[in-house]
Protein chains: 2
Amino acid sequence: MQILDFLAVMVYFALICAYLHSNLGEHDRHMDPQPLYLRLANHYRRAIQAGVLAPAQRMPSVRTLVRTHHVSLSTALQACRQLEDDGLIEARPRSGYFVLKPRRSSIPPVGEPDIRQTLGAAQYVGIHDRVSDFVAKCEAHPVSANFALAAAVPEAYPMEALKQAMTRALRQSPQVLVSSVPPQGHPELRTVLARRALANGINATPDDVIVTHGCIEALNLALRAVARPGDTIAVESPAYFGLLQVLESLGMRALEIPTSPQHGLSIEALDLAFQTHGNIRAVVVVPNFQNPLGCVMPEAEKARLVALCERQQVPLIEDDTYGALTDDDTPLPAAKSWDATGNVIYCSSMHKTLAPGMRLGWLIGGRWKARIAMLKFAQSRPNEPLAQIAVAEFMGSRAYDRHLSRLRRHLKAQRDQTAETIAAHFPPGTRLSVPQGGMLLWVEMPGGRSGMDVFETALREGIRVAPGSMFSNGTRYDHFLRISCGQRTTPDITQALQTLARIVAERPKK
Amino acid sequence: MQILDFLAVMVYFALICAYLHSNLGEHDRHMDPQPLYLRLANHYRRAIQAGVLAPAQRMPSVRTLVRTHHVSLSTALQACRQLEDDGLIEARPRSGYFVLKPRRSSIPPVGEPDIRQTLGAAQYVGIHDRVSDFVAKCEAHPVSANFALAAAVPEAYPMEALKQAMTRALRQSPQVLVSSVPPQGHPELRTVLARRALANGINATPDDVIVTHGCIEALNLALRAVARPGDTIAVESPAYFGLLQVLESLGMRALEIPTSPQHGLSIEALDLAFQTHGNIRAVVVVPNFQNPLGCVMPEAEKARLVALCERQQVPLIEDDTYGALTDDDTPLPAAKSWDATGNVIYCSSMHKTLAPGMRLGWLIGGRWKARIAMLKFAQSRPNEPLAQIAVAEFMGSRAYDRHLSRLRRHLKAQRDQTAETIAAHFPPGTRLSVPQGGMLLWVEMPGGRSGMDVFETALREGIRVAPGSMFSNGTRYDHFLRISCGQRTTPDITQALQTLARIVAERPKK
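Remember, it's a predicted structure, so these values are computed and weren't measured experimentally.

Trainee: Would you explain the packing of aromatic side chains in this entry?
Mentor: Under the counting rule described, the total for this entry stands at 18 aromatic pairs over all chains. With centroids separated by 5.6 Å and ring planes inclined at 70°, the aromatic side chains of Tyr-477 of chain A and Phe-480 of chain A adopt a geometry described as edge-to-face. Across the pair, exposure class does not vary: Tyr-477 of chain A and Phe-480 of chain A are buried alike. These aromatic residues form a ring-pair network of at least three members: Tyr-240, Phe-241, Trp-442, Phe-471, Tyr-477 and Phe-480 of chain A. Here Arg-92 of chain A stacks its cationic end above the ring of Phe-98 of chain A, 4.0 Å away from the centre of that ring. One residue, Arg-381 of chain B, lies across the ring of Phe-377 of chain B, its end atom 4.0 Å from the ring centre.

Trainee: What am I meant to see in the domain arrangement of chain A here?
Mentor: When the parts of a complex come together, some accessible area is lost, and that lost area is often used as the size of the interface. Residue and element names in this part refer to chain A. According to the domain assignment, chain A consists of domain 1 (32–101), domain 2 (104–112 + 401–505) and domain 3 (116–129 + 157–399). One C-alpha centre belongs to domain 2, the other to domain 3; they are set 25 Å apart. Taken together, the 32 residues of domain 2 in the interface contact 38 residues of domain 3. Of all residues in domain 2, the largest losses of buried area upon contact with domain 3 belong to His-403, Arg-408 and Asn-473, amounting jointly to 22% of the total for that side. For the pair domain 2 and domain 3, the number of links is 4 salt bridges. At the junction of domain 2 with domain 3, the criterion picks out 23 residue pairs in polar contact (both at pLDDT 80 or more). When residues of the side of domain 2 that touches domain 3 are traced back to their parent elements, those giving at least two are helix H14 (398–425) and strand S14 (440–444).

Trainee: What exactly am I supposed to notice about the packing of helix H3 (residues 62–69) of chain B against helix H4 (residues 73–85) of chain B here?
Mentor: A pair of packed helices can be characterised by two numbers: the angle between their axes and the separation between those axes. Residues and elements named next belong to chain B. The N-to-C vectors of H3 and H4 enclose an angle of 120°; their axes lie 9 Å apart at closest approach. Relative to H4, the element H3 lies oblique. Where H3 crosses over H4, the handedness of that crossing is right-handed. On H4, the residues that touch Val-62, Leu-65 and Val-66 of H3 are Leu-73, Ala-76, Leu-77 and Cys-80. Its residues placed into classes, the contact of H3 with H4 shows 7 nonpolar, no polar and no charged.

Trainee: Honestly, helix H7 (residues 187–197) of chain B in this entry has me stumped. Any pointers?
Mentor: One turn of an α-helix holds 3.6 residues; hence residues three or four places apart share an orientation. The set of residues buried in H7 of chain B consists of Leu-189, Arg-190, Val-192, Leu-193, Ala-194 and Ala-197 of chain B. Among the structural elements, strand S5 (209–212), strand S12 (361–364) and helix H13 (385–395) of chain B are those in contact with the buried residues of H7 of chain B.

Trainee: Please explain the environment of Ala-136 of chain B as it appears in this structure.
Mentor: Residue and element names in this part refer to chain B. Structurally, the position occupied by Ala-136 is in helix H5 (residues 127–139). Note on Ala-136: relative accessible area 46%, which makes it partly exposed. Put simply, Ala-136 and Gln-312 are 176 residues apart on the chain and 42 Å apart in space, counted from C-alpha to C-alpha.

Trainee: Help me understand the sheet that holds strand S13 (residues 431–433) of chain B, please; the structure alone is not making it clear to me.
Mentor: Pairing between the strands of a sheet is mediated by backbone hydrogen bonds and can be parallel or antiparallel. All names here are of chain B. The strand order across the open sheet formed by 4 strands is S13-S14-S17-S16, and the pairing between neighbours is antiparallel. Either end of the sheet is taken by a strand with one partner, and the two such strands are S13 and strand S16 (466–467). By the bridge criterion, 2 bridges tie S16 to strand S17 (residues 480–484) in an arrangement that is antiparallel. Considered in S17, the bridge of Ala-466 is made with Arg-482.

Trainee: Is there a simple way to explain helix H9 (residues 241–249) of chain A in this structure?
Mentor: Within H9 of chain A, 8 of the 9 residues are buried, which leaves the element mostly enclosed by the surrounding structure. Looking at the residues trailing H9 of chain A, positive phi occurs at Gly-251 of chain A, about 70°.

Trainee: Help me understand the pattern of salt bridges in this model?
Mentor: Opposite charge on two side chains lets them pair, provided their charged atoms get close. Residues and elements named next belong to chain B. As enumerated under the stated definition, the model contains 42 salt bridges over all chains in all. Where Glu-268 meets Arg-304, a salt bridge forms, and the shortest distance between an N and an O atom there is 2.6 Å. Of this pair, Glu-268 sits in helix H10 (residues 267–276) while Arg-304 sits in helix H11 (residues 299–312); the two residues are 36 residues apart in sequence, bridging distant segments of the chain.

Trainee: It is not clear to me how the confidence of the model for chain A should be interpreted in this structure. Could you clarify?
Mentor: One rule of thumb: low pLDDT means the predicted coordinates there are not for detailed reading. All names here are of chain A. Per-residue confidence for chain A gives a mean pLDDT of 89, with 91% of residues at or over 70. Note that pLDDT drops below 50 for residues 7–32; the model gives that stretch 37 contacts with residues more than four away or on any other chain. The complex model carries a pTM of 0.82, and its ipTM stands at 0.81.

Trainee: Where do I start with the pairing of strand S1 (residues 89–92) of chain A in this structure?
Mentor: Taken residue by residue, a regular strand's side chains alternate between the two faces of the sheet. Residues and elements named next belong to chain A. The sheet contact formed by S1 and strand S2 (residues 96–99) spans 4 bridges and is antiparallel. Residue pairing for S2: Ala-91 is matched across the bridge by Tyr-97. Here S1 folds back onto S2, and the loop between the two strands holds 3 residues, one of which, Arg-94, carries a positive phi near 60°.

Trainee: Explain the relation of the copies chain B and chain A here, please?
Mentor: Each of the two chain copies can be generated from the other by rotation about an axis followed by a shift along it. Superposition record for chain B on chain A: RMSD 0.4 Å, screw rotation 180°, translation along axis 0.1 Å. The transformation relating the two chain copies, once decomposed into turn and shift, fits a two-fold axis. Minimal C-alpha distance to the rotation axis in chain B is attained by Thr-167 of chain B, lying at 3.1 Å. Taken together, the interface assignments show that 100% of the residues at the interface of chain B recur at the interface of chain A, consistent with an identical surface on both copies.

Trainee: So what exactly am I meant to see when it comes to the sheet that holds S14 of chain A here?
Mentor: All names here are of chain A. In space, the 4 strands of this open sheet follow the order S13-S14-S17-S16, with antiparallel pairing throughout. The open sheet has two edge strands, strand S13 (431–433) and strand S16 (466–467), and neither has a second partner. As defined by bridge partners, S13 adjoins S14 across 3 bridges and the pair is classed as antiparallel. If you follow Leu-432 over to S14, its bridge partner there is Val-443.

Trainee: What's the story with the interface of chain B and chain A in this structure? I'm lost.
Mentor: Across the contact, 50 residues belong to chain B and 50 residues belong to chain A. In total, chain B and chain A occlude about 4,300 Å² of area from one another, counting both sides; carbon and sulfur atoms represent 62% of this. When the area that chain B buries against chain A is broken down by residue, the three leading residues are Leu-177, Val-178 and Arg-381 of chain B, summing to 16%. Across the contact surface, chain B and chain A share 0 salt bridges. Where chain B touches chain A, the interface holds 15 residue pairs in polar contact (both at pLDDT 80 or more). The element contributing the most residues to the side of chain B that touches chain A is helix H6 (residues 159–172) of chain B, with 7 residues. When its residues are assigned to classes, the side of chain B that touches chain A shows 28 nonpolar, 14 polar and 8 charged.

Conventions used here
- Residues numbered from 1 in each chain as written.
- Chains lettered and ligands numbered in written order.
- Predicted model: local features only at pLDDT ≥ 70, side-chain atom pairs only at ≥ 80, totals over all residues.
- Heavy atoms only, no water.
- Phe/Tyr/Trp six-rings, centres within 6.5 Å; stacked < 30°, edge-to-face > 60°.
- Buried < 20%, exposed > 50% of the residue type's maximum accessible area, 1.4 Å probe, protein only.
- Lys NZ or Arg CZ within 6 Å of the ring centre and 35° of its normal.
- Domains from an automatic or database assignment.
- Contact = heavy atoms within 4.5 Å.
- Buried area = accessible area lost by both parts, 1.4 Å probe.
- Salt bridge = Lys/Arg side-chain N within 4 Å of Asp/Glu carboxyl O.
- Polar contact = N/O pair within 3.5 Å; in protein donor to acceptor, adjacent residues only side chain to side chain.
- Helix = DSSP H or I, 4+ residues; strand = E, 2+ residues; numbered from the N terminus.
- Axes fitted to C-alpha atoms, helices over the stretch in contact; angles between N-to-C directions.
- Parallel < 35°, antiparallel > 145°, perpendicular 65-115°, else oblique.
- Left-handed = near helix turned anticlockwise from the far one by under 90°.
- Nonpolar A, V, L, I, M, F, W, Y, C, P; charged D, E, K, R; others polar.
- Pairing = 2+ DSSP bridges.
- pLDDT = per-residue confidence, 0-100.
- Least-squares fit on C-alpha atoms with pLDDT ≥ 70 in both.

This is the structure in structure tokens:
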């Protein structure tokens, strides 16, 4: 049996080698090739994911890898350990590595929405009270496991490199703290951002870029530029509660559009909404790793969305906060990349990807550039330059690519482990879509279990989780939880997830 | 003659000594007493300003100062030099120091407004176009003398100390760039700000303080908390163009209230406005060193203003950006200090006083505290903590008081020299009020000379100045200029002022 398996592997292996060879060549064109062990691991990963290496099959031995790929023993070992860390293979004592069966086969994905459903009237959002209630309750309890915070642990960010870049910036620009600030943001950072955006298919000049206080300020400015209080804004359903808060604070109405947990905003549903609600003034969308769903809009859908909004003459506001956190190192195109007329306002952030404590974001304003620049000046003046200089230096270097690769691997491992624990311990009927990037899991609980009830019970055990009711103005997601995978998985964190599972399985007290 | 003068001086001197003595005692109660030479200089300054020492009289000799005050020769000399620098006395060869006649007696102050004038309807501001036009024109010309920028030169701020504080903060809080940010601002900074506000008569807890991106964000949040688009806001006339821009960007209407160049907002005119315009939703006022007038509201007027707004149930928004820049080191009370009900929202900034490049401001929200905290969270999230930690350290130390003293002296010297040059060179009929603090001069040109025309002509000579039309929605100040005294006076700057004087004196081309 083992010999047959081994022979089969060797056949596949020959095929993979050719494939791998061409792919290695492709990598050479990239600015920042991955370390060799990662390239090796990634290509075996693809073979496993494509079924070329099937579950329970044995991986080529480490020695075979060394011989065939002309790599060192340590590179081959590192590649195997990477695949093991990623949960794709396991080591069996004295037998080598074996391919694992894909995990989470036991947990179905979250259901698709009915895109023909009659939409509720566009509503003035009432989310502040929910969020305030959430925050107040959180603060009333000590926390030991935080699944509510959508950020990785501090150690996952390039703390030391940023510190050094800040110190250098202080030394090299001694007057920076006491001089007037340049408009629209520091020129070097705007240049780096415009250059980086090329990889997402966006063609922008540094002059198009406005640096903001996080993506949240970018969204505020974009909305204020194109809409007024009382106007209706189409948003995904569910939507990031921060966006709902922005709408509420600006006195705008949210029209929640059905959104697939797999493919994102339904273009059909949006088209219908344009027909039934004549007064939509803007569409806000998170096409890449939507918060809370984690879904990515397929490229064709992004193109259709941009075309539809352009046809309707309704501005499209794109929030790409999570786009860089894709599992493989291939950049995701922004919806903005299909924008030929300036109808898309692109907003992004360094908050999740680089430095949660620096509060930097940015936007490309399209045809509203001048109005947004004016609003930014009137709202908070240009950002202070020091952090921008430091971040420009770091994001302009390959160290940023290396950091992103590490962060992506960290998040993928965390996400897979968290999903695995949920699949193993949450009650039957739980549904979960596991995204290919980002840090968020959207969990549907069986039996209409109340997210608020779970949240409150979990809090008393020191566990924080975001109840689904925070992600909509309605009651549609009351039996959902958003679970963030930013924390490092430790036995305590796994234990906390199991406690959460027990709470979810409890019958609510009446 | 000289002997008689000398005797007279000695008599006054005895009186002054008693006065000085009691005042020195008073200083001991302060946390950070001034250097002895400054205390000596300040008290002779008061004697001169009060007429106790009259113009052309001889100062007590340096030796007399040494003997009488039990100070060292160097302290006495420093005190005299300080008074000389301040333009209060002059040294005559072999005769000692003599009191100078008050300068600028040749230039009359700016006239008082008619407080019974019929107010225009509250208007939607159209200032963006003026400001954009101003900025675009400025950028089209190289600048050699900038009288438009309301900030002191970088060297007037504690560059090195702030740099060191930032470096220390980075070292002591290594995770600060990559961790989540604390709500409302860093606790240490909020504590220092609450403590410092005591000197301005404000009683606030750290929990009352919200750190913002400059005073401009504080004003945005305050206005958004109490008013809505379409609402009418009473403002001073003239008013800071930044405030007019904020109102325009928020879709609010400005109602310009007559304001005295000497005593600030006219309470009578505001009271009348409440009677004739029933829909005023807020009053925004800069009681200390108003921009552009430079005036300070007398304490009794501040008290009346607070009481009037309270009686009318209209929130009062106070902008105290310049308050700390008073010529003598005595803190000015805020209007907020008369607020017993939380009806005053106090906004301030470190932008002019400490670090133009750090973009830090703060507010105390009074009874709108919770709503403002929510709006701040929805608009830009809490400020990044690093700069706050550094500024908390600096502002919590005596180094901050020493810096403020230096900055105040610098600004006073600049202001006096600039005013002197204007008095000497601007055409007859020019009017000018010289404030007792801050960095701004408000100049009325004779013959209805157009500020815009002067601005444009001066630009071509590399000189920037702010035309009066930027400070109102109407045409009332078209023949004014705002001249900032932030630049260090060099022969080039003096020459530029003389060039400006020539341009002002020109007959406009038709």
